[in-house]
Amino acid sequence: MGRKITIEPVTRVEGHGKVTIRLDDAGKVTQSRFHVVEFRGFERFVQGRPYWEAPVLVQRLCGICPVSHHLAAAKAMDVIVGAGPGKLTATAEKMRRLMHYGQMLQSHALHFFYLSSPDFLLGMDADPAVRNIIGVAALNKDLAVQGVLLRKFGQEIILATAGKKIHGTGAVPGGINKNLSPEERDRFLKGAAPLNIDQMIEWSRAAVELFKDYHRKNKDMVDGFAEFPSNHLSLVRKDGALDFYHGVLRAVDAEGRKVLDDVDYQNYLEVIGEETRSWSYMKFPYLRSLGKTDGWYRVGPLARLNTCDYIPSPLAQKEFEVYKAYTDGKPNNMSLHTHWARLIELLHSAEVIKELLLDKDLQGAKLVKKGKKVAEGVGLIEAPRGTLFHHYRINDDDQITMANLIVSTTNNNEPMNRAVHWVAMNALSEKPEITEGMLNRVEVAIRAYDPCLSCATHAVGRMPLEVTLVDARGNVLQRKVR
Amino acid sequence: MERLKRRRLRGVACDANYQLNVEDALACAGHDTVIFVDAARGLRRPFTFTEVRAAGSMPAMSHALGPEAILAIAAGLYGKTPDARLLAIRGYRWTLGEGLSAKAEANLALALDFLEGFLKEARP
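Residues take numbers from 1 onward in each chain, read along the sequence in its written order. Chains carry letters from A onward and ligands carry numbers from 1 onward, assigned in written order. Only residues with pLDDT of at least 70 get local features here, since the model is predicted, and only at 80 or more are side-chain atom pairs given and counted; chain-wide, interface and lining totals rely on the full set of residues. Each side-chain value is derived from all of the structure's non-hydrogen atoms; neither hydrogens nor water enter the calculation.

For the purposes of this entry, the term helix denotes a DSSP run of H or I that reaches at least four residues, the term strand denotes a run of E that reaches at least two, and both are numbered from the N terminus. The number of helices and strands found in chain A is 17 helices and 16 strands. Here chain A holds 482 residues, and 63% of them are scored as buried. In this description, contact between two residues means that some pair of their heavy atoms is separated by no more than 4.5 Å. Sequence separation of 24 or more characterises 69% of the internal contacts of chain A that already satisfy a separation of 6 or more. Only protein chains enter the accessibility calculation, which uses a 1.4 Å probe. A residue is then buried if its area is under 20% of the maximum for its type, exposed if over 50%, and partly exposed in between.

We now examine the domain arrangement of chain A. Residues and elements named next belong to chain A. Structurally, chain A comprises domain 1 (3-38 + 415-481) and domain 2 (88-227 + 352-368). Opposite the 13 residues of domain 1 that make contact, domain 2 presents 16 residues. Note on domain 1 versus domain 2: buried area summed over both sides is about 1,300 Å², and carbon and sulfur give 53% of it. Salt bridges are identified by distance alone: a Lys or Arg side-chain nitrogen within 4 Å of an Asp or Glu carboxyl oxygen. Summed over the shared surface of domain 1 and domain 2, the result is three salt bridges. Here R441 and D125 are joined by a salt bridge, their closest N and O atoms 2.8 Å apart. Two N or O atoms form a polar contact when they lie within 3.5 Å of each other; inside protein one atom must be a possible hydrogen donor and the other a possible acceptor, and for residues adjacent in sequence the pair counts only when both atoms belong to side chains. Taken together, domain 1 and domain 2 are joined by seven residue pairs in polar contact (both at pLDDT 80 or more). Elements supplying a minimum of two residues to the side of domain 1 that touches domain 2: α16 (413-428) and α17 (436-447). Among the elements that line the side of domain 1 that touches domain 2, the one with the most residues is α17, at eight residues. In the scheme used here, Gly and all other residues not listed as nonpolar or charged are polar, with Ala, Val, Leu, Ile, Met, Phe, Trp, Tyr, Cys and Pro taken as nonpolar and Asp, Glu, Lys and Arg as charged. Tallied by class, residues from the side of domain 1 that touches domain 2 come to six nonpolar, two polar and five charged. Per the annotation, domain bounds derive from an automatic or database assignment of domains. By definition, the buried area sums, over both parts, the 1.4 Å-probe accessible area that each loses when the two are put together.

Attention shifts here to the packing of aromatic side chains. Between the rings of Phe, Tyr and Trp (Trp by its six-membered ring), a pair exists once the centres lie within 6.5 Å; its type follows the angle of the planes, with under 30 degrees stacked, over 60 edge-to-face, and the other angles tilted. Taken as a whole, this structure holds 17 aromatic pairs over all chains when the rule is applied. For the ring pair F211(A) and Y214(A), a centre distance of 6.5 Å and an interplane angle of 45° mean the geometry is tilted. Placement of both F211(A) and Y214(A) in helix α8 (residues 197-217) is noted, with a separation of three residues, approximately one turn of the helix. Overall, Y214(A) belongs to the buried group, its relative accessible area being 16%. With a centroid separation of 5.3 Å and an interplanar angle of 40°, the aromatic rings of F47(B) and F114(B) are classed as tilted. With a gap of 67 residues between them, F47(B) in strand β2 (residues 47-52) and F114(B) in helix α4 (residues 102-122) connect regions that are remote in the sequence. Here the aromatic residues F112(A), F113(A), F120(A), F211(A), Y214(A), Y323(A), Y326(A) and W340(A) are joined through ring pairs into a cluster of three or more.

Our focus in this paragraph is the state of the cysteines. Our working definition of a disulfide is a cysteine sulfur pair at a distance within 2.5 Å. Under the defined criterion, the tally for this structure stands at zero disulfides over all chains. Lacking any disulfide linkage, C14(B) is separated from the closest cysteine sulfur, that of C28(B), by 13 Å.

Residue and element names in this part refer to chain A. Running from N to C, helix α6 (residues 141-162) and α8 cross one another at 130°; their axes reach a closest spacing of 10 Å. Looking at the two axes, α6 sits oblique to α8. As α6 runs across α8, the sense of the crossing is left-handed. Residues L143, Q146, L149, L150 and F153 of α6 lie in contact with α8, whose contacting residues are I197, M200, W203, S204 and L210. A breakdown of the residues in the contact of α6 with α8 according to their chemical character gives eight nonpolar, two polar and no charged. Fitting a line to C-alpha atoms yields each axis, with helices limited to the stretch in contact; the angle taken between N-to-C directions then spans 0 to 180 degrees. Any angle that is under 35 degrees is reported as roughly parallel, and any over 145 degrees as roughly antiparallel; angles of 65 to 115 degrees are reported as roughly perpendicular and all others as oblique. In this scheme, a crossing is called left-handed if the near helix is turned counterclockwise away from the far one by less than a right angle; it is called right-handed if the turn is clockwise.

This part takes up the environment of S117(A). All names here are of chain A. Among the structural elements, S117 can be located in helix α4 (residues 90-121). A relative accessible area of 0% places S117 in the buried class. Residues S117 and K283 lie 166 residues apart in sequence; the distance between their C-alpha atoms is 29 Å.

Residues and elements named next belong to chain A. A positive phi angle is found at D262, which is not glycine, with a value near 60°. Within the secondary structure, D262 sits in strand β8 (residues 258-263). Unlike most non-glycine residues, D398 shows phi in positive territory, near 65°. Structurally, D398 is set in the loop between β13 (386-394) and β14 (400-406).

Residues and elements named next belong to chain B. Should DSSP find at least two bridges between two strands, the strands are taken to pair. Taken together, the three strands give an open sheet; going across it, the order is β1-β3-β2, and neighbouring strands pair in mixed fashion. Bordering the open sheet on either side are β1 (33-40) and β2, each of which pairs with just one other strand. In this sheet, adjacent strand axes meet at a mean angle of 20° when their direction is disregarded. Relative to strand β3 (residues 83-90), β1 runs parallel, the two being bridged by eight bridges. Across the sheet, the residue bridging to A39 is I89, located in β3.

All right, on to the environment of H70(A) then. Residue and element names in this part refer to chain A. Position of H70 relative to the elements: it lies in helix α3 (residues 66-80). On the accessibility criterion, H70 (1% relative accessible area) is buried. Residues H70 and V58, spaced 12 residues apart in sequence, show a C-alpha to C-alpha distance of 6.8 Å. Once residues within four sequence positions are removed from consideration, H70 is found in contact with P55, V56, Q59, M99, G168, T169, G170 and A171. At a separation of 2.9 Å, a polar atom in the side chain of H70 contacts the main-chain amide nitrogen of A171.

Residues and elements named next belong to chain A. One open sheet accounts for three strands, arranged β12-β13-β14; its pairing is antiparallel. On the outer flanks of this sheet lie β12 (376-383) and β14, each paired with one strand and no other. The sheet shows a mean angle of 15° between the axes of neighbouring strands, taken without regard to direction. Bridge count for β12 against β13 is eight bridges, and the pairing is antiparallel. Bridging from a neighbouring strand, G379 pairs with H390 of β13. Its contacts with the sheet place α3 against β12, β13 and β14, and it is angled at close to 150° to β12.

Right, let's get into the nonpolar core. In globular proteins that are soluble, nonpolar side chains generally tend to be buried together. All names here are of chain A. As used here, the term nonpolar core means buried Ala, Val, Leu, Ile, Met, Phe, Trp, Tyr and Cys residues forming a set that is joined through side-chain atoms within 4.5 Å. I197, L305, I353, Y392 and L428 are the most contacted members of the largest nonpolar core, which has 138 residues in total. Residue contributions to this core peak at 14 residues, all from α4. Counting the residues that make up this core, at least three belong to each of domain 1 (3-38 + 415-481) and domain 2 (88-227 + 352-368). Residue contacts for I197: discarding those within four places in its chain leaves F153, F188, L189, A350, I353, K354 and L357.

Right, here's the structure in full:
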């Protein structure tokens, strides 16, 4: 009798997704799919709202990286108010950068220490009851505490720049609504240990070393797990440097050949298409020049370190050189190396935060610029999980008439499906018994991409967790509630 | 939360988050009593006030955490187990951008009055 395995929801990711794996009578995998079962209606919700509300409204897409949506929408609105790329005041752009790099720090720290490190430090087959941050603390309390404090530091940066830790209002069309006071700056630069930026840099360096050490000891598994060739897409600075806040679109193929380069993202529709499939609410974006079949791509830390030429901060650049040397300068297509790339980005974020804190422009008084208003704008940003597209049109009454969002996780839709399929074929297919550890490997593959499937609302007592095994006729063979 | 702050209760610190997360364990570990407050579906009363204990095992969940998990992290990382309660206030409308309904406003007022009394009694 054929069987279907369902993992729902996928755990230690953001939001609600499900995996189905169909097995034939011999236990061989015949199909695997990663579904997103939440419907996100934000493109419709914002229609009719005044354009200046967008940066505040759309960030409610997410409780983890709201700053990405806040800033991507603000960048699109900058264009609409005639203060697009390069026209913001130095204070406004640097405050936004500080906010964004603070977010990268907190999100990457949360993902690695809280969501992913249990798989590495405790093992993918460890008892799920201990495969979590408390299990990590039992093994290495200092490490667990560092993860929490890195996240807290990033959140405090966001509070100081956006006004609130979650769903702030700092970025406004054409600028920012506050600068950084000397007191705030000094707290981050010279705060009592451990909450100061030098300590964050040191812990970020240690996190990179931790992963490198794990990699040295588990090279075959880390390199081979869900390794598959792909294209890679991200923003890069005009000169090819890694930049999370602004740049031009660049894509490379699995061999490193540039598929896109120096593309102004206002024209993203000319180079990116979106395909829909009946079994998922999430679209499947692709590079138009390569077509639907071959044009899918990865975004996020792995992709960013494949597309950029260098990292503009010394410690992260040094680590980048080690990282690139491992693949002889070629693109890295190993899914678990995303964690390595993410930790190098964590270090880079901490370095950039320090550089910005030392910049006197953050105490400037010129916060907002406006120019000639236009009816359409696109804002792009490199969110922690990858490239995030916001596109809006407005009418003569300043109301939003169209919104199109391509979120990072949507960009990674096909790669996550490929990663799930790799695990299904290599860990589950034709095995006499499906263990919890095997199912966790499916989640490990998805988790590497740190998907944010949506987390728009919450209330006490909501969020079921269920794993169901169903036969080909739909009969439930086994159900686990975690 | 703003309304609670306006009551200027001595020895009470307020923090508002979109969702609970790991660093909230650090804040919990630094206090004797912790009250988690949120809107709730499915209640029959205007509000409920219940004791919360650290989870025996961590739920394998997403970024968002429940109060029990936060307390478990506070115990696991900082060795602290504050007296904790959950104040769940009945809500009625959940649409994006909706303000509080009149009935939810009334429930909130009742819940805050109750909480103020509890906190005054709990004060050492």
